[in-house]
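Read off the chains here:
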Amino acid sequence: MDEKKVEFLKQKSQSDLSTSIEECGNINWTTLSQWVQCICVVTFDLNLGQALEYVYPPEFKPTEQEITNICYLAFPDSNSGCMGDTKFHVRLRTSPDGNLSKKLLQFQVYNNECPLILKADQSHYWGFVYFRQKRDLNLPRGYFQKSFIIITRLPFYNLFFELLNYLAPKYFNAGKGILEEACIHINSRWPSLQVGASLNLPLFENSYQILIPKASSRKTIAPIESLENFKVERTQVLHPMHNKIIASVNELDLFHSLGFIVDHMYTLWELVLTAEPIVVIGTSPADCSHMVQTLVAIIAPLEYCAEARPYFTIHDSEFKEFTRDRGKIPPPLILGVTNPFFVKLLKDWPHLLRLPDNQVSLQKQQQLTTKNVLNSNSVTSIGITGPLKTYNSNQNTTGSNGGESWIPGLYTKYKPFLKKDKSLIKKVMLGLKTKRPEHVQTALLRRHLLELTQSFMIPLERYMASLMPLQKDISPFKSAPNTNAFKLDDFLATLELSGPQLTSTLKGDWKGLYRRFYTSPNFRGWYDSRYKELQLTLQDLQLQALSEANLEQWARDKQEVEIIDMILKLKQKLNLYNDKLVSETSSLCAKRHTHSAATTRDQIRAQIDCMKELLPQDLKNIVNI
């Protein structure tokens, strides 16, 4: 087929697609907006610099401030030498929006059911970036530079990187028609966002299969179990497609980032647990964003409640807020950066994590670390006052150019509260020597870190449960009591008999670590969430007691105004319970609770009818209004 005919068919195809999109008119993007906010294309303009070239759907175009941040985050900062294709992710703050609460209603049921780390972000967007840079002498600067970005509220790294890998090359080859068609395809063929069910997500000739775990799960569904479920689903696909099973929508390859720094993994765990300010500096936005997200993940299932920016540039609108407004007191924040300027600017930050420049140096680093750890009599970092690093302590860590020759590693004067598990570190390092598969190393680290975090949180959860008022204190005729206050000293007193030493082999100053955690945003986030849960439980118990109380006997010595007041309170409770029942009915995860909720609702209605019968007819008409 000659080139003219190929070009004619390509133009005709694009024309037909544009016509079909125009025929769609005002599309209701309800389904798409649950998964994807919009897709943006950022290019380099000789006069403007990085500029937004295209966004779809156009009605979901970000605000001017958001566009500015997206454009700067879409390209690697400084001369990082990212030739070819580079994939990374970013997080940016959303602009104030009066309709935000209305827009987020679609995530209400989902956020109530999913794990905290998978919640739709109410104040930030996630951006998944595919940056392409290549030589092109026909262009004024001699380079082609353009980024394809998926904007979403969901932290589904594995899913969106799969979509990015598939859609971005198609866009670069075929143009924006592919982008528009993909959005229409997602909106019309993808299911609504659901928790606890296997979801089939078709896109052109591909089909992605995922399962979003329930919040009640102790951890993300194990890959083997997920795969078995998906094998069943695959037989139900009506049209043959290339099926891609995504066993976890969010779990990253921990060992990919932690492999070179595993000797100081426990120090990093404490720093993230207590929300210490950390700057991660590398030469690639891909490495930085992966490391920042890995750090956030090492305290799972606890939610990281401070700020975390997988990739950050000097042009970001929060640059001054994060780096200068606090003076010499850095905010609780993890920043991923590539511009060497940050090394000097953030010299007062207490913790800096320097990443290897490339895979070759990473392998050398791992080999040297393995040798040092396996041959060392002691691998604990307790008492080290200089920078922590993975090379021998007698090596220089800085060069004459102010840090550019720093070797990869963790630079901090932080003294850990806990002694590291030397046997676990040696096991991981031995796996490097024996070339154990990376996914096995990741599974080993993830399981260990999960158990460590759970050991830390179990005493807190147990103490929090003890703050619940006694059943006898819950009266149907009084307001629901409040949860008792959290008192740090009382909690620390419980550790002697029921502390983390019962489930963890790590030794050290656990009380000191709890005191530091108590002052962190992570504690405040966890406590606020648990306090809200306990208050809702108390309200449910009080409402249940009210639905089962003998109100007819209670009303014998009451005046009519008191009975009317009780009816109004019951109606108010009934409205709240109806809202809860609607939420539970729309949920696939709470079916077994729906029957009890409906029973309580019916009992409250019966109580209202009983109270009405005690009133004269004229007052009955008033309360019926």
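Residues numbered from 1 in each chain as written. Predicted model: local features only at pLDDT ≥ 70, side-chain atom pairs only at ≥ 80, totals over all residues. Heavy atoms only, no water.

Naming follows an unreviewed UniProt entry, where the chain appears as UDENN domain-containing protein of Glossina palpalis gambiensis.

A tally of regular secondary structure across the chain gives 24 helices and 13 strands. For the chain, buried positions account for 50% of its 625 residues. Accessible surface, the chain as shown: approximately 30800 Å² in total, 51% of it carbon and sulfur. (Helix = DSSP H or I, 4+ residues; strand = E, 2+ residues; numbered from the N terminus. Buried < 20%, exposed > 50% of the residue type's maximum accessible area, 1.4 Å probe, protein only. Areas by Shrake-Rupley, 256 points an atom, 1.4 Å probe, with all protein chains shown as cover.)

It is worth spelling out the pairing of strand β5 (residues 143-152) at this point. Most of β5 sits out of view: nine of its 10 residues are buried. Sheet topology places strand β1 (residues 38-45) next to β5; six bridges connect them, and they run antiparallel. Pairing of Val41 across the sheet is with Phe148, part of β5. Pairing analysis gives 10 bridges linking strand β4 (residues 124-135) to β5, with the strands arranged antiparallel. If you follow Arg135 over to β5, its bridge partner there is Tyr143. (Pairing = 2+ DSSP bridges.)

Read from one edge to the other, the open sheet built from five strands follows the order β2-β1-β5-β4-β3, with strand pairing classed as antiparallel. The sheet is open, and its two edges are formed by β2 (49-56) and β3 (84-93), each paired on a single side. Each strand axis lies, on average, 25 degrees off the axis of its neighbour in the sheet, ignoring direction. Seen against the sheet, helix α3 (residues 64-73) touches β1, β2, β3, β4 and β5 and runs at an angle of roughly 150 degrees to β3. Lying over the sheet, helix α7 (residues 176-189) contacts β1, β2 and β5, oriented at roughly 45 degrees with respect to β2. (Axes fitted to C-alpha atoms, helices over the stretch in contact; angles between N-to-C directions. Contact = heavy atoms within 4.5 Å.)

What follows covers unusual backbone geometry. Cis geometry marks the peptide bond from Tyr56 to Pro57, where omega comes out at -5 degrees. Mapped onto the elements, Pro57 comes out in the loop between β2 and α3. Ala300 connects to Pro301 through a cis peptide bond whose omega is 10 degrees. If you trace the backbone, Pro301 turns up in the loop between α11 (285-297) and β10 (307-309). The backbone of Lys435 sits at a positive phi, close to 60 degrees, despite the residue not being glycine. Mapped onto the elements, Lys435 comes out in the loop between α15 (422-433) and α16 (438-466).

Quick look at the sheet that holds strand β9 (residues 278-281) now. The sheet built from five strands is open, its strands ordered β10-β11-β9-β12-β13 with mixed pairing. Only two strands of the sheet have a single neighbouring strand rather than two, namely β10 and β13 (409-412). Put simply, the sheet's adjacent strands are angled 15 degrees from each other on average, direction ignored. As defined by bridge partners, strand β12 (residues 351-354) adjoins β13 across four bridges and the pair is classed as antiparallel. Bridge pairing in β13 places Arg354 opposite Gly409. With respect to the sheet, helix α10 (residues 265-273) is in contact with β9, β11 (333-337), β12 and β13, its orientation differing from that of β13 by roughly 55 degrees.

With that out of the way, let us pick up the pattern of salt bridges. Under the defined criterion, the tally for this structure stands at 21 salt bridges. In this structure, the salt-bridge partner of Glu307 is Arg93, at a minimum N-O distance of 3.3 Å. Pair noted here: Glu307 is in strand β10 and Arg93 is in strand β3, with a separation of 214 residues, a long-range link. For the salt bridge of Asp602 with Arg605, the shortest nitrogen-to-oxygen distance reads 3.9 Å. You can see Asp602 and its partner Arg605 sitting in helix α23 (residues 591-613), three residues apart, about one turn around the helix. Salt bridges linked by common partners bring Arg91, Arg93, Asp121, Glu307, Arg309, Glu318 and Glu321 together as one network. (Salt bridge = Lys/Arg side-chain N within 4 Å of Asp/Glu carboxyl O.)

Mapping Ser455 onto the fold places it in helix α16. Judged by relative accessible area, which is 5%, Ser455 ranks as buried. Beyond its immediate chain neighbours, meaning those up to four positions away, Ser455 contacts Pro500, Thr503, Ser504 and Tyr514.

It is worth spelling out helix α6 (residues 157-174) at this point. In this model, α6 (18 residues) spans 25 Å end to end at C-alpha, consistent with the 26 Å of a helix rising 1.5 Å per residue. The first or second residue beyond α6 is Gly175, which carries a positive phi of 95 degrees. (Expected span 1.5 Å × (residues − 1).)

This part is about the packing of α16 against helix α19 (residues 510-518). As a packed pair, α16 and α19 sit with axes 12 Å apart at the nearest point and diverge in direction by 75 degrees. In this view, α16 runs roughly perpendicular relative to α19, as classed from their interaxial angle. Facing Leu452, Ser455, Phe456, Met457, Pro459 and Leu460 of α16, the residues of α19 in contact are Trp510, Leu513, Tyr514 and Phe517. Of the residues belonging to the contact of α16 with α19, the class tally is nine nonpolar, one polar and no charged. (Parallel < 35°, antiparallel > 145°, perpendicular 65-115°, else oblique. Nonpolar A, V, L, I, M, F, W, Y, C, P; charged D, E, K, R; others polar.)

On to the environment of Phe144, then. Tracing the sequence through the fold places Phe144 in strand β5. Taking C-alpha positions, Phe144 is 5.4 Å from Gln133, a pair spaced 11 residues apart along the chain. Phe144 has contacts with Arg132, Gln133, Lys134, Asp136, Leu139 and Phe172, leaving out every residue within four places of it along the chain.

Turning our attention to α19. Among the residues of α19, those classed as buried are Trp510, Gly512, Leu513, Tyr514 and Phe517. Its buried side turned inward, α19 meets α10, α16, α17 (488-493), α18 (495-498) and α20 (521-548).

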